[in-house]
Amino acid sequence: MCLGIPGEVVELLDDGRDLAMVSVAGVRRAVNIGLLHEEKLAPGDWILIHVGFALSKIDEREAQAALDWLHGVGDAYTDELEALATSDIT
Amino acid sequence: MRFVDEFRDAATARALATKIAGLCEPGRQYKFMEVCGGHTHTIYKHGLEDYLPETVSLVHGPGCPVCVIPMGRVDDAIAIAEHPDVIMTSFGDMMRVPGGRGSFFDSKAAGTDIRMVYSPLDSLKIARNNPDKQVVFMAIGFETTAPSTAMTVLRAAQEKLDNFSIFCNHVTIIPAIKAILDSPDLRLDGFIGPGHVSTVIGCKPYDFISAQEGKPLVCAGFEPLDILQSVYQLLLQLKEGRCEVENQYSRVVPWDGNPKALEVIGEVMELRPYFEWRGLGFISHSALQVREKYASFDAEKIFNVPGVRVADPKACQCGEVLKGVLKPWECKVFGTACTPETPIGTCMVSSEGACAAYYNFGRFSRERVKEATHS
């Protein structure tokens, strides 16, 4: 729950619900980007995702560092990814 | 992962350790508190204390939101879940946290409908798909997750959903730090400020720590070198007689935080007069409740919540661990009666709790540092 998971924006959905399709750990997921309105996100941007919401825009280098850190936390990251796999916020 | 390799470079860590040692005044003891479970994790996983002089110790604070939820709130949530037609939804982290009458898992086994979700938006979807049920989201977390809960309530209001509510247990970090500073048990020299929380609140709210309490604070990233760099910055401030809030994690944390996130929290929630924290007791204005305007989404208004107070088990010393007075292994039941498989206290339940982090990683760190030193 406290883990920030990096993802790469693939597509911005224009359905008025602040959703974007984001590649997270190799899987396409819907993520709410309503908290990053001012950032004017575009495909290719990296974001840090908390419980289904993008909380900050980061660069690719930071995304890689965050991923490596997550791999190091072990079960907590595996559990988070499993929870994410069951999530469907569309 | 080439970017990370250079970041995790043990030689760089040792060079930083030498600089840190050079800043320490002979005979002086230094105590710095980190108030983020993620930092605790990094410290144990990489055995960072072994890179520091013996006179510098890192103390773990109340940075795990699961760990600070008092047992009574778990019982209250279970009481809500026991209402007919209620689906209680919760992050997985909360499922094993023991209340006075057992955990969510125990309650689920006894027949209540408690479901794990990844996001509050998943709860919202369950509500949409189950119009004949009342769906409640067990909202927990510091300022990192509060904006997501607030956004979900706003969405529910927009969709005019009448079967979705939240049981709000969001806590705020600043009053907890104030309570720690007021505690007579502990003398601290500075703080390693949280990473993700600061993404939302920014660095300004910490000003009082430097201005009024005379302690430096450095917001830090999660990599081992980030933590060592922050310790270096804290010691440098002390050496130079400065006392400031610094942002070591500026690559993610904006100085002003995330204004939109703060705006939605403020729209949906307000400070409670007081809230009980596990180990810290009642702290005024330290948690959030749903504003009257959104009362129809407030489970505490919709359901009869008993408001139970349950004393922690006598053997459990989570309170002392959360205040940084005890190290995890100094607790009487650590690793014997209390393990991640059979936790007595919250610090052992959550993977970000200091006890679970030390149990899973810390015991092996010293050996690894030895290996790194000889490689």
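In what follows, the structure referred to is the one given above.
Per-chain numbering applies: the sequence of each chain, read as written, is numbered from 1 onward. Chains carry letters from A onward and ligands carry numbers from 1 onward, assigned in written order. Two thresholds apply to this predicted model, a pLDDT of at least 70 for residue-level local features and 80 or more for giving and counting side-chain atom pairs, whereas whole-chain, interface and lining totals are computed over all residues. Side-chain metrics in this entry use all non-hydrogen atoms of the structure; hydrogen atoms and water are not considered.

Novice: Run through the overall build of chain B, naming residues and quoting values.
Specialist: Here a strand is any run of E in DSSP of at least two residues, a helix any run of H or I of at least four, and the numbering for each starts at the N terminus. Across its full length, chain B holds 16 helices and 13 strands. Over its C-alpha trace chain B gives a radius of gyration of 21 Å, about what one expects of a compact globule, namely 21 Å for 375 residues. Its C-alpha atoms give chain B principal-axis dimensions of roughly 65 × 45 × 45 Å. Buried residues are those whose accessible area, probed at 1.4 Å on protein chains only, stays under 20% of the maximum for their type, while exposed residues exceed 50% and partly exposed ones sit between those limits. Residues classed as buried in chain B amount to 62% of the 375 residues present. Only heavy atoms enter the contact rule, under which two residues are in contact if any of them lie within 4.5 Å. When contacts within chain B are restricted to residue pairs at least 6 apart in sequence, those whose partners lie at least 24 apart make up 77%. Radius of gyration means the value over C-alpha atoms here, while the globule rule gives 2.2 Å times the residue count to the 0.38 power.

Novice: Give me the lowdown on the sheet that holds strand 3 (residues 86-90) of chain B, citing residues and values where you can.
Specialist: Sheet strands pair via backbone hydrogen bonds, and the direction of the pair is either parallel or antiparallel. All names here are of chain B. The strand order 4-3-5-6 describes an open sheet built from 4 strands, whose pairing is parallel. Looking along the sheet, the strands with just one partner apiece sit at the ends: strand 4 (113-116) and strand 6 (164-170). For this sheet the average axis-to-axis angle between neighbouring strands, irrespective of direction, equals 25°. Here the rule is simple: two strands pair whenever DSSP picks up at least two bridges between them. Sheet topology places strand 3 next to strand 4; 4 bridges connect them, and they run parallel. For Met88, the partnering residue across the bridge sits in strand 4 and is Ile114. A fitted line through C-alpha atoms represents every axis, and for helices the fit uses only the stretch in contact; the resulting angles, taken between N-to-C directions, go from 0 to 180 degrees. Contacts from helix 4 (residues 71-81) reach strand 3, strand 4, strand 5 (134-141) and strand 6, with the element oriented near 175° to strand 6. Along the sheet, helix 7 (residues 146-158) contacts strand 5 and strand 6; its crossing angle with strand 6, the most-contacted strand, is approximately 160°.

Novice: Any chance you could break down the interface of chain A and chain B for me, citing the residues and the numbers?
Specialist: Many authors give the size of an interface as the accessible area that is lost as the parts come together. Listed per partner, the contact involves 37 residues of chain A and 43 residues of chain B. Summed over both sides, the interface of chain A with chain B buries roughly 3600 Å², with 61% coming from carbon and sulfur. Whenever Lys or Arg places a side-chain nitrogen within 4 Å of a carboxyl oxygen from Asp or Glu, that contact is recorded as a salt bridge. Taken together, chain A and chain B are joined by 2 salt bridges. Across the pair Lys125(B) and Asp88(A) runs a salt bridge, and its minimum N-O distance is 2.9 Å. For the side of chain A that touches chain B, the secondary-structure elements that each account for two or more residues are strand 4 (46-50), strand 5 (53-58), helix 1 (60-73) and helix 2 (75-86) of chain A. Among the elements that make up the side of chain A that touches chain B, the one with the highest residue count is helix 1 of chain A (8 residues). Here's the idea: put two parts together, see how much 1.4 Å probe accessible area each one loses, and the total over both is what we call buried area.

Novice: Go over the packing of helix 2 (residues 10-23) of chain B against helix 11 (residues 224-239) of chain B, please, and point to the residues and values.
Specialist: Residues and elements named next belong to chain B. Where helix 2 contacts helix 11, the two axes come as close as 9 Å, and the packing angle between them is 20°. Looking at the two axes, helix 2 sits roughly parallel to helix 11. Note on packing geometry: the crossing formed by helix 2 with helix 11 is left-handed. Contacts from Thr12, Ala13, Leu16, Lys19, Ile20, Gly22 and Leu23 of helix 2 reach helix 11 at Leu225, Leu228, Gln229, Val231, Tyr232, Leu235, Leu236 and Lys239. Broken down by class, the residue content of the contact of helix 2 with helix 11 amounts to 10 nonpolar, 3 polar and 2 charged. Relative orientations are named as follows: roughly parallel for angles under 35 degrees, roughly antiparallel for angles over 145 degrees, roughly perpendicular for angles from 65 to 115 degrees, and oblique for any other angle. Less than a right angle of anticlockwise turn of the near helix away from the far helix marks a crossing as left-handed, whereas a clockwise turn marks it as right-handed. Each residue receives one of three labels: charged for Asp, Glu, Lys and Arg, nonpolar for Ala, Val, Leu, Ile, Met, Phe, Trp, Tyr, Cys and Pro, and polar for the others, Gly being one of them.

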